[in-house]
Amino acid sequence: MIVCQQFFQTQHVAQEPDGLRVIVLCLKGDGIKVIGTFFGIGSIIAASLVAKNRQASAIAFMFSGLTMANLFGVPAGTWLAQVYDWRLVFWLIAGIGLVTVLSVALLVPRIEAGKAIALKTELRAFMDPQVLLAMGITIFGPAAFFTSITYIAPMMVEEAGFSDAGIARLMILFGLGLAVGNWIGGRSADRSLFGTLFVTLAAQAAVLFVFWLGVESAVVASASVFLMAAFGFATVSPIQKLVMDRASRAGAPTMAASVNIGMFNLGNAIGAWAGGATIAAGFGLASPNWAGAILSLVALSLAVVAWASTGREVSAVPAE
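Just so we're clear, the structure is a prediction, and the values are computed from it rather than from any experiment.

Cut-offs applied
- Residues numbered from 1 in each chain as written.
- Predicted model: local features only at pLDDT ≥ 70, side-chain atom pairs only at ≥ 80, totals over all residues.
- Heavy atoms only, no water.
- Helix = DSSP H or I, 4+ residues; strand = E, 2+ residues; numbered from the N terminus.
- Buried < 20%, exposed > 50% of the residue type's maximum accessible area, 1.4 Å probe, protein only.
- Contact = heavy atoms within 4.5 Å.
- Areas by Shrake-Rupley, 256 points an atom, 1.4 Å probe, with all protein chains shown as cover.
- Core = buried A, V, L, I, M, F, W, Y, C linked by side-chain atoms within 4.5 Å.
- pLDDT = per-residue confidence, 0-100.
- Expected span 1.5 Å × (residues − 1).
- Polar contact = N/O pair within 3.5 Å; in protein donor to acceptor, adjacent residues only side chain to side chain.
- Phe/Tyr/Trp six-rings, centres within 6.5 Å; stacked < 30°, edge-to-face > 60°.
- Arc of directions from axis to C-beta.
- Patch = residues over 30% accessible without salt bridge, like charges linked within 9 Å, V, L, I, M, F, W, Y side chains within 5 Å.
- Salt bridge = Lys/Arg side-chain N within 4 Å of Asp/Glu carboxyl O.
- Axes fitted to C-alpha atoms, helices over the stretch in contact; angles between N-to-C directions.
- Parallel < 35°, antiparallel > 145°, perpendicular 65-115°, else oblique.
- Nonpolar A, V, L, I, M, F, W, Y, C, P; charged D, E, K, R; others polar.

### Thoughts on the overall build of the protein
Then, number 1: Looking only at helices and strands, the protein features 13 helices and zero strands.
Then, number 2: Seen in sequence order, the protein has helices and strands lined up from the N terminus as α-α-α-α-α-α-α-α-α-α-α-α-α.
Then, number 3: Classification of the 320 residues of the protein by burial places 43% in the buried group.
Then, number 4: For the protein, long-range pairs separated by at least 24 residues make up 80% of all intrachain contacts whose partners lie at least 6 apart in sequence.
Then, number 5: Accessible surface, the protein as shown: approximately 15,900 Å² in total, 71% of it carbon and sulfur.

### Some words on the nonpolar core
Then, number 1: Of all hydrophobic cores here, the largest spans 57 residues; its most connected members are I152, M156, F211, V225 and M228.
Then, number 2: If you tally residues by element for this core, the top one is helix α6 (residues 129–149), at ten residues.
Then, number 3: Apart from the residues lying within four places of it in its own chain, the contact partners of F211 are S148, I152, M155, M156, V220, A221, S224, V225, M228 and N289.

### Observations regarding the side chain of Q55
Then, number 1: By the element assignment, Q55 lies in helix α3 (residues 55–83).
Then, number 2: By relative accessible area, which is 14% here, Q55 ends up buried.
Then, number 3: Every residue in contact with Q55, bar those within four places of it in the chain, is listed here: A47, V50, D190 and K241.

### Some thoughts on the confidence of the model for the protein
Then, number 1: Mean pLDDT over the protein stands at 81; residues scoring 70 or higher make up 81%.
Then, number 2: Looking across the protein, the model is least confident in helix α1 (residues 2–13), with a mean pLDDT of 48, and most confident in helix α9 (residues 193–213), with 96.
Then, number 3: Low pLDDT, under 50, characterises residues 1–7; the predicted model gives this stretch 20 contacts beyond four residues in sequence or across chains.
Then, number 4: Low pLDDT, under 50, characterises residues 313–320; the predicted model gives this stretch two contacts beyond four residues in sequence or across chains.

### A closer look at the environment of S222
Then, number 1: With respect to the helices and strands, the residue S222 is situated in helix α10 (residues 218–233).
Then, number 2: Between the alpha carbons of S222 and L173 there is a distance of 7.3 Å; along the sequence they are 49 residues apart.
Then, number 3: Once residues within four sequence positions are removed from consideration, S222 is found in contact with F162, L170 and L173.

### Considering α9
In an α-helix, one turn spans 3.6 residues; hence positions three or four apart end up facing the same way.
Then, number 1: Between the first and last C-alpha of α9 there are 31 Å, a value that for 21 residues agrees with the 30 Å anticipated at 1.5 Å per step.
Then, number 2: For α9, the side-chain oxygen to backbone nitrogen distance between the N-cap and G195 is 3.1 Å, and the N-cap itself is S192.

### Structural notes on the packing of aromatic side chains
Then, number 1: Per the counting criterion, the structure on display carries five aromatic pairs.
Then, number 2: The interplanar angle of 55° and the centroid separation of 5.9 Å between the aromatic rings of F145 and F174 together place this pair among those described as tilted. With F145 in helix α6 and F174 in helix α8 (residues 164–191), this pair connects stretches of sequence that are 29 residues apart. The same class applies to F145 as to F174, namely buried.
Then, number 3: Pairing F283 with W290 gives two aromatic rings, centres 5.6 Å apart and planes at 85°, and the pair type is edge-to-face.
Then, number 4: Of the aromatic side chains, those joined through ring pairs into one cluster are F145, F146 and F174.

### Quick word on helix α7 (residues 152–160)
Then, number 1: Among the residues of α7, those classed as buried are I152, M155 and M156. Around the axis of α7, the buried residues are gathered within 90° of arc, so they sit on the same side.
Then, number 2: Once α7 ends, the next one or two residues include G161, with phi positive near 70°.

### Quick word on a nonpolar patch on the surface
Then, number 1: Taken together, the side chains of F209, W212, L213, I294, L297 and V298 define a hydrophobic patch exposed on the protein surface, amounting to about 520 Å² of accessible area.
Then, number 2: Counting through the fold element by element, L297 comes out in helix α13 (residues 287–316).

### A few points about the packing of α3 against helix α4 (residues 86–107)
Then, number 1: At a closest axis distance of 7 Å, the pairing of α3 and α4 adopts a crossing angle of 140°. The orientation of α3 with respect to α4, classified from their angle, is oblique. Contacts from G77, L80 and A81 in α3 reach W86, V89 and L92 in α4.
Then, number 2: Taken together, the residues of the contact of α3 with α4 sort by class into five nonpolar, one polar and no charged.

### A look at the environment of F198
Then, number 1: Summarising the element assignment, F198 is placed in helix α9.
Then, number 2: Judged by its relative accessible area of 24%, F198 falls in the partly exposed class.
Then, number 3: Between the alpha carbons of F198 and W307 there is a distance of 9.8 Å; along the sequence they are 109 residues apart.
Then, number 4: Not counting residues up to four positions away in its chain, the partners in contact with F198 are L300, A303, V304 and W307.

Shown next as structure tokens:
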């Protein structure tokens, strides 16, 4: 985790000299891999520090840093870049990275290294149908709200007559939704992981359909943006725990946990593409909402299959 943070700092410090721009772009691509590794290892550590019935909320607590960054960090960084200079923002981010390195070194408990797992064994987990099912939920669940939020500005300006200030307020609601959903999702998943996934994915689909139908209403739009973020991000910690559990059974939890963070990013890209495809096809600026609802229903279907297959696994275990 410390190495990942040090690499993260290097990226942002390297932004300063103009001659390094090409190198920085390359570093940004590697930075995405580092983020996946950091959150993957972080989720494993968080889950290992608490009782089994609190692991989902521990993972959610770790992810709360991401939601707080979206809620407070992104607006603050944008304001500082506009008022002062964009380079200042990158130096501040590098400084925050240094604080993070020190915090990890001093505050995260040292965990004894477990038994070494061969790379071949780690890779074998990606052939396990249960792991692939869980990762499929990772891709399509969060992809649903990114299908809509990617095009929220033109959608709201053209369809609902929002001003630039109105769009900014919507994004604050979106950030609040992420934070609230993450908190509720983790605690609910501790009680019922699949129950949480069923409710949140179904509710996300319903909200997106309502958003499509009532896109011209400012009230409907505001409520929908908050709720789709809340229901969408409420799936993150239970999905991550599901992947970790399934990969653990396959004998390779570490790599799968890190790769699963990359699956979230893949879902973001698929969601943005799906929303753009519906607009390009002439279905209108509000069409990403129903497209996102469909993606959420796909994720729900995968969750049902994963739940049903879990029942078959349990029933196949011989009684002692």
